[in-house]
Amino acid sequence: MLERLVLIVAAAVSSLALTGCASARLPLCPKIAAVSFQGGARTGAVVNNYLAAQGNERNVKISPISAFAATFHGSVFSIAWFQGNYAFMLCAFDPKQVVNYEAVYLSCMSHAPEWVKIVQSSKPEDLMVTQTHYADVCIP
Amino acid sequence: MPTPASPVRDVTFGQALNLSLDSYYDILKAQVGGLATEEYLQLKAVADAIDISSHYTWFSYYNLLQRSDQAIEPTPVSGVVLTAATDLALVYEKFLRQLRGYVVKANLSADDQKKVADLDLHIDRLSDQIDQYAVLDRQTWKNYADLMGYNVGDSTAYFQWSSAAGHLRKIQALMDEIKATQFDRTTILDKQYPEPSDREIVDAEFDFTNPGMRLRYPVFPDSQYPNGNQFNLSYLALLPLGSTALFDDRRVIAWDKTLDFLKTAQLGAISATLDKKTVTSTSITTDWAGSASASYGLISVNASASEHTQIQDEFSHGTAIELSAEAAFRVAISYPKWFRPTLFAHKRVIDNIHSFDAFFGSKGSLLYIPTHLILVRGFKVVFKSSQKWTFDYQHKFSAAAGGGFNVFGIGFGASGSYSNETKEHTLDVSDTNLTIGDDVNTLRFAGYAVKRTTVAGDAIKTLTANALTSDLVKAFDA
């Protein structure tokens with residue numbers, strides 16, 4: 001009887017985790033987003049091509065709330081996956097379209113975790129503080 | 001929505017004549033002297049007039065600089081395929097940055113590499129901001145000065161205007177920040193390197209960023225600045241760094257001819273007739289080998305479809321083109337230490353040649369570098385016909401009417417295309433002769449002598465030779 005109860009509870013928790021929704025606010029990087037598409041820079045793009053592709057694949061809705069941030073809605077697991085891999089997608093681009101791609105990648109990957117924290121903090125305006133290098137990497 | 005048809009239409013001259021842009025290319029090549037090994041003549045699809053005068057020395061130098069500091073399209077006629085004209089200095093900076101990347105990776109700690117990347121991108125953004133402010137201020141300040149009756153070079157009025165409506169202070173603050181950031185970057189990069197040739201790359205970048213390599217060039221004729229008569233090398237070097245509405249902060253380039261020479265030299269005068277005796281020429285294709293696949297029009301006009309029909313009908317009766325010019329010559333471009341083409345053959349380039357495809361590949365931005373400007377002074381063309389010219393060419397193509405006549409790339413444009421002391425072109429119809437020509441003092445920028453960078457081809461050949469057996473290489477060569 002107890003075993004059966006444990007199984008039911010476990011199934012319920014697992015089901016909640018699978019079907020439960022979550023959301024997160026995360027930074028966007030328009031300058032890199034513009035060169036994340038194959039076949040040439042796409043002026044005006046704010047959502048990185050790799051982010052959009054993963055959003056489609058994992059059924060996560062990406063809603064830009066400005067040129068610099070977006071909200072992500074999806075399952076708990078999907079949002080957790082996005083948070084865990086976010087820097088890779090934010091800093092993904094077609095290297096053929098970027099001459100100094102090594103510097104861009106280094107700077108973006110090393111600062112992206114900080115940008116995520118700032119956007120989720122109570123002081124999101126700090127994103128543009130010089131020391132974050134967000135403007136250098138992400139503003140077209 | 002369909003794209004509207006271009007109003008610029010080609011015109012064919014005569015019937016069964018063997019005339020082409022190659023004929024003009026041959027004449028120009030003969031007049032400006034032979035080409036050295038790996039040197040090519042590149043024509044301009046639109047040979048614009050250069051505003052040069054002894055009354056505004058430094059503005060004249062600025063006009064020459066703008067034509068010299070140009071990355072070269074890898075085509076025999078530039079401007080046929082529309083690509084954004086880019087400063088040679090900007091392309092070279094990107095090359096240096098990529099080359100220095102190999103030095104950084106090989107010699108700096110991971111933390112220092114990240115710091116250098118941050119500083120590079122920060123400098124790039126600050127430079128972009130300055131450029132944006134300078135362009136914006138230049139347009140708005142000129143409009144304001146014209147409206148208020150100020151001289152555009154009046155620095156006192158400009159400072160007052162800028163404090164309220166311009167960005168001069170911001171430009172200077174950004175320039176200060178660039179200097180500080182460059183200092184931080186220099187601190188990291190200025191060290192002993194185990195490989196001495198790596199230091200050569202770092203030094204080349206230091207030279208490139210050295211403020212001493214730059215001058216603030218006036219963007220209007222010197223005479224429009226109240227202190228324009230004081231302009232000299234020291235004066236312009238001592239102006240605050242950074243481009244503004246009044247001055248453009250550019251890396252210095254020098255030339256082997258004086259302004260006086262350009263305006264008065266009697267060198268390479270052209271007097272040629274192209275008619276039925278002219279043999280077919282394919283010299284552009286021959287000289288440029290595989291790069292010249294397009295065919296280039298000889299004459300084009302900006303006219304409506306019905307006007308074009310009339311003009312084409314008249315030009316089909318053409319019998320000869322008499323081409324003349326007071327002078328045609330080349331002006332050698334001399335680059336100070338900020339530009340070091342010897343680095344193109346640096347070991348780190350050779351070892352990573354495929355990574356430099358954007359610079360030295362078949363469409364690379366440094367595949368050709370300009371060595372000389374080709375200038376033509378007092379250009380004139382007489383079109384001879386078997387019939388009288390009846391179309392009102394003066395009314396249609398005078399500068400006041402908007403111009404719009406192009407022959408051999410020399411564009412006879414509207415009044416606006418002639419500035420300051422450059423006089424407008426003239427048209428004359430006399431029975432069976434139609435004459436269109438520049439003033440005898442008008443200088444046209446007809447093209448470049450360019451040098452091909454052979455580093456990629458040589459490096460790939462060496463790599464292939466090293467990878468394959470010598471017998472196999474010989475077999476391919478045979």
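Computed from a prediction, not measured in an experiment: that's the story for all the values here.

Draft legend 1. Focus on the overall build of chain B. On a plain count of helices and strands, chain B comes out with 16 helices and 18 strands. Here the C-alpha radius of gyration of chain B, 25 Å, is about what a compact globule of 478 residues would show, namely 23 Å. Dimensions of chain B, computed from the C-alpha atoms along their principal axes, are close to 80 × 75 × 55 Å. For chain B, the proportion of its 478 residues judged to be buried stands at 51%. In chain B, the proportion of contacts linking residues at least 24 apart, taken out of those at least 6 apart, comes to 81%. A total of about 22,000 Å² of accessible surface is found on chain B, and carbon and sulfur atoms cover 53% of it. With 44 positive and 55 negative side-chain charges, chain B shows a separation of 2 Å between the mean positions of the two kinds.

Draft legend 2. Inspection of helix α5 (residues 155-165) of chain B at higher detail. All names here are of chain B. Turning to α5, its buried residues are A157, Y158, W161 and S162. Viewed end-on, α5 has its buried residues packed into an arc of 130 degrees, placing them on one side of the element. Opposite the buried face of α5, at more than 90 degrees from it, the exposed residues are T156, Q160 and A164. Structurally, α5 contributes buried residues whose contacts are with α4 (110-148) and α6 (168-189).

Draft legend 3. Local environment of the interface of chain A and chain B. Counting residues at the interface gives 14 residues for chain A, matched by 14 residues for chain B. Of the roughly 1,300 Å² buried where chain A meets chain B, counting both sides, 60% is carbon and sulfur surface. When the buried area of chain A at its contact with chain B is split by residue, A:V99, A:L106 and A:D136 rank highest and sum to 38% of it. Here chain A is connected to chain B by two salt bridges. Between chain A and chain B we count five residue pairs in polar contact (both at pLDDT 80 or more) in total. Within the side of chain A that touches chain B, the residues separate by chemical class into six nonpolar, six polar and two charged.

Draft legend 4. Highlighting the sheet that holds strand β15 (residues 410-412) of chain B. All names here are of chain B. Pairing is antiparallel in the open sheet, where four strands are placed in the order β1-β9-β14-β15. At either margin of the open sheet sits one strand with a lone partner, and together these are β1 (8-11) and β15. For this sheet, the mean angle separating the axes of adjacent strands, direction not counted, is 20 degrees. Alignment of strand β14 (residues 405-407) against β15, held across three bridges, turns out to be antiparallel. Residue pairing across strands places V407 opposite I410, the latter belonging to β15. In the packing of helix α11 (residues 305-315) onto the sheet, contacts are made with β1, β9 (299-302) and β14, and the angle to β1 comes to roughly 15 degrees.

Draft legend 5. Summary view of empty space enclosed by the protein. Residue and element names in this part refer to chain B. For the coordinates displayed, the defined rule picks out one cavity of 30 Å³ or more. Approximately 30 Å³ is the volume found for the largest cavity. For the largest cavity, the full set of lining residues is E93, R97, R185, E205, F208 and T209. Secondary-structure elements contributing two or more residues to the lining of the largest cavity are α3 (88-107) and α7 (196-209).

Draft legend 6. Just the nonpolar core, in detail. Within the largest apolar cluster, 133 residues are counted, with the highest numbers of intra-cluster contacts made by B:F95, B:F315, B:F383 and B:F408. In terms of residue count, α3(B) provides more of this core than any other element does, 10 residues in total. The contact partners of B:F315, leaving out residues within four places of it in the chain, are B:V11, B:T12, B:F13, B:G14, B:I299, B:F383, B:W389, B:Y393, B:F405 and B:L434. Ranked by size, the runner-up nonpolar core spans 34 residues in total, among them A:V47, A:F93, A:V98 and B:L121.

Draft legend 7. View of the environment of B:K380. All names here are of chain B. Checked against the element boundaries, K380 lands in strand β13 (residues 380-385). Linking K380 and T435, residues 55 residues apart in sequence, is a C-alpha distance of 7.3 Å. Apart from residues no more than four positions distant in its own chain, K380 is found in contact with E322, L323, S324, T435, I436 and G437.

Draft legend 8. Structural context of unusual backbone geometry. The backbone phi angle of A:H133 is positive, close to 60 degrees, even though this residue is not glycine. Here A:H133 lies in the loop between α5 (101-120) and α6 (134-138). A positive phi is found at B:E38, a non-glycine position, where the angle reads about 60 degrees. Summarising the element assignment, B:E38 is placed in the loop between α1 (21-32) and β2 (39-44). Classification of B:E38 by relative accessible area gives partly exposed; the value is 31%.

Draft legend 9. Examining the side chain of B:D137 more closely. Relative to the helices and strands, B:D137 is located in helix α4. Although B:D137 is buried, it forms no salt bridge, and the closest oppositely charged side chain is B:R138 at an N-O distance of 8.8 Å.

Analysis parameters
- Residues numbered from 1 in each chain as written.
- Chains lettered and ligands numbered in written order.
- Predicted model: local features only at pLDDT ≥ 70, side-chain atom pairs only at ≥ 80, totals over all residues.
- Heavy atoms only, no water.
- Helix = DSSP H or I, 4+ residues; strand = E, 2+ residues; numbered from the N terminus.
- Rg over C-alpha atoms; globule rule 2.2 N^0.38 Å.
- Buried < 20%, exposed > 50% of the residue type's maximum accessible area, 1.4 Å probe, protein only.
- Contact = heavy atoms within 4.5 Å.
- Areas by Shrake-Rupley, 256 points an atom, 1.4 Å probe, with all protein chains shown as cover.
- Lys, Arg positive; Asp, Glu negative; His and termini not counted.
- Charge placed at Lys NZ, Arg CZ, Asp CG, Glu CD.
- Arc of directions from axis to C-beta.
- Buried area = accessible area lost by both parts, 1.4 Å probe.
- Salt bridge = Lys/Arg side-chain N within 4 Å of Asp/Glu carboxyl O.
- Polar contact = N/O pair within 3.5 Å; in protein donor to acceptor, adjacent residues only side chain to side chain.
- Nonpolar A, V, L, I, M, F, W, Y, C, P; charged D, E, K, R; others polar.
- Pairing = 2+ DSSP bridges.
- Axes fitted to C-alpha atoms, helices over the stretch in contact; angles between N-to-C directions.
- 1 Å grid on protein atoms, 1.4 Å probe; cavity = no way out; pocket = protein on both sides within 12 Å on 5 of 7 lines; lining within 4 Å.
- Points joined across faces, edges and corners; volume = space filled by probe spheres on them.
- Core = buried A, V, L, I, M, F, W, Y, C linked by side-chain atoms within 4.5 Å.

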